[in-house]
Amino acid sequence: MLTSLPFDPLPRRAPTLDEPLTVNLRQPPPDVVVPWHSHDWAQLAYPLRGAIRVSAAGTSWLTPAFRAVWIPPGIEHEVAMLGQVELRTVYVAREVAPLPLEACTVIEVSDLMRSLIEALSRVGRETPGDAERCDLMIRLLLTEMRQAPTLSLGLPLPRDRRLQALCEALMAEPASPLALADWAVRVGASERTLARLFRDELQMSFGAWRQQLRLAGALDMIGRGRPLGDVAAELGYASQAAFSAMFKRAFGVPPGRFMQSRQGGVPASNVRDIEPMP
């Protein structure tokens, strides 16, 4: 069960003119939520281990250990820890922001980006040599962020009352096998209307939205250490093998490899983003 955490209980280093990017280390208690807030600077929230869910502007973004979510300055957001999480927050001054300032997005974290974040979390600026090294790493990290592939793990939420009823029912029971035609009868709209609403309001198909929802549940349960067989069953998959195949299509690695990363093993690489099948 998620519990609320008082905002920003730990000291942080905000970016400055001399140091436009800073790295903050976070090891919050399991299953806590940092309530709605915003920053004057941009933020890259990167879980070194575990997974987080960031909510903003009517969308939730799922972020496992080998991805990071970009949050522009001034955007109200909430951050939920899914199980035990070790988190890095990279604060970036607006003036040097390498990614768009209009909306959140999820990016892939390269091995180089990961190493730079860790190095910057330890480097000081006590001597001219330290400051020069720090500045070089900041410039390289900003370049890596700018060139990182953007990925689609957002779960948009609808405005239409009929689509809201469908999505809320699915969030309560993600394993439901009902097809869109079955939901049409339940919520009082035609199958064609629901398909159009998914496309127009959420920019994805019913099948894609349901799979994103199930991925959210998978990340949550895996982050809590649940057995993969239980995860597969609770999400409506006929077998653990079927669930693992879906997970690998979405993340580029099987669930076991992801579990290694959350437990401190070798982080996953070569991840990719796909359009889920209807």
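Rules and cut-offs
Residues numbered from 1 in each chain as written. Predicted model: local features only at pLDDT ≥ 70, side-chain atom pairs only at ≥ 80, totals over all residues. Heavy atoms only, no water. Buried < 20%, exposed > 50% of the residue type's maximum accessible area, 1.4 Å probe, protein only. Helix = DSSP H or I, 4+ residues; strand = E, 2+ residues; numbered from the N terminus. Pairing = 2+ DSSP bridges. Salt bridge = Lys/Arg side-chain N within 4 Å of Asp/Glu carboxyl O. Core = buried A, V, L, I, M, F, W, Y, C linked by side-chain atoms within 4.5 Å. Contact = heavy atoms within 4.5 Å. pLDDT = per-residue confidence, 0-100. 1 Å grid on protein atoms, 1.4 Å probe; cavity = no way out; pocket = protein on both sides within 12 Å on 5 of 7 lines; lining within 4 Å. Points joined across faces, edges and corners; volume = space filled by probe spheres on them. Nonpolar A, V, L, I, M, F, W, Y, C, P; charged D, E, K, R; others polar. Axes fitted to C-alpha atoms, helices over the stretch in contact; angles between N-to-C directions. Parallel < 35°, antiparallel > 145°, perpendicular 65-115°, else oblique. Phe/Tyr/Trp six-rings, centres within 6.5 Å; stacked < 30°, edge-to-face > 60°. Lys NZ or Arg CZ within 6 Å of the ring centre and 35° of its normal. Expected span 1.5 Å × (residues − 1). Arc of directions from axis to C-beta.

## Observations concerning the pairing of strand β7 (residues 77–92)
Burial runs high along β7: 15 of the 16 residues are buried. Relative to β7, strand β2 (residues 21–26) runs antiparallel, the two being bridged by six bridges. Directly across from L25, in β7, lies its bridge partner R88. Here three bridges tie strand β3 (residues 32–37) to β7, and the two strands are oriented antiparallel to one another. Opposite V34, over in β7, you have V79 as the bridge partner. The pairing of strand β4 (residues 42–56) with β7 spans 12 bridges and is classified as antiparallel. Counted as the bridge partner of R53 is A80 from β7.

## Describing the pattern of salt bridges
When their charged atoms lie close together, side chains carrying opposite charge are able to pair. Applying the stated criterion across every chain yields a total of nine salt bridges. The partner of E19 in a salt bridge is R13, with the nearest N and O atoms 3.0 Å apart. By relative accessible area, E19 is classed as buried at 14%. Ionic pairing is found between R114 and D111, a salt bridge with its closest N-O pair at 2.7 Å. Placement of both R114 and D111 in helix α1 (residues 111–122) is noted, with a separation of three residues, approximately one turn of the helix.

## Considering the nonpolar core
Ranked by internal contacts, the top residues of the largest apolar core, which has 26 residues, are L21, L44, V90, V92, M113, L120 and L141. When contributions to this core are tallied by element, the ones reaching two or more residues are β2, β4, β6 (67–71), β7, α1 and α2 (128–147). Of the residues forming this core, the biggest block, six residues, is contributed by α2. Once you skip the residues sitting within four places of it in the chain, M113 turns out to touch L44, I107, E108, L141, E144, M145 and A148.

## Some thoughts on the environment of G124
Tracing the chain through its elements places G124 in the loop between α1 and α2. What G124 contacts, discounting residues up to four positions off in sequence, is D130 and A131.

## Points about the confidence of the model for the chain
Low pLDDT marks regions whose predicted coordinates should not be analysed in detail. Taken as a whole, the chain shows an average pLDDT of 84; of its residues, 87% reach a score of 70 or greater. pLDDT under 50 marks residues 262–278. Its contacts with residues more than four places away, or in other chains, come to 45 contacts.

## Considerations on the layout of surface pockets
Estimated volume of the largest pocket: approximately 400 Å³. Lining the largest pocket are 15 residues, and of these R53, M171, L213, A216 and G217 sit closest to its centre. Every element with two or more residues in the lining of the largest pocket is listed here: β5 (59–63) and α6 (206–223). Classifying every residue of the lining of the largest pocket gives 10 nonpolar, two polar and three charged.

## As for the packing of helix α3 (residues 161–172) against helix α5 (residues 191–202)
The description of two packed helices rests on the angle between their axes and on the distance between the axes. Taken N-terminus to C-terminus, the directions of α3 and α5 make an angle of 90 degrees; their axes are 10 Å apart at the nearest point. Judged by the inter-axis angle, α3 sits roughly perpendicular to α5. Contacts between α3 and α5 involve R162, L163, L166 and C167 on the former and, on the latter, T193, L194, L197, F198, E201 and L202.

## Focus on the packing of aromatic side chains
Taken as a whole and judged by the stated rule, the model has five aromatic pairs. Put simply, the rings of F198, F206 and W209 pair up and form one aromatic cluster. Taking NZ or CZ as reference, R186 lies 5.6 Å from the ring centre of W183, over its face. One Lys or Arg, R214, reaches over the ring of Y237 and ends 5.5 Å from the middle of that ring.

## Considering α5
Given a rise of 1.5 Å per residue, 12 residues ought to cover 16 Å, and the 16 Å separating the end C-alpha atoms of α5 matches this to within 8%. Looking only at α5, the buried set comprises T193, L194, L197, F198, E201 and L202. In an axial view of α5, the angular spread of the buried residues amounts to 140 degrees, which keeps them on one side of the axis. Pointing more than 90 degrees away from the buried face of α5 are the exposed residues R192 and R199. Where α5 ends, the next residue or the one after it, Q203, has phi of about 55 degrees, a positive value.

## A word on the environment of C104
Among the secondary structure elements, C104 is positioned in the loop between β7 and β8 (105–108). According to the relative accessible area criterion, C104 is buried, its value standing at 11%. Spatially, the C-alpha atom of C104 lies 8.5 Å from that of I75, the residues being 29 residues apart in sequence. For C104, the residues in contact, after removing those within four places along its chain, are A56, W61, W70, I71, P72 and I75.

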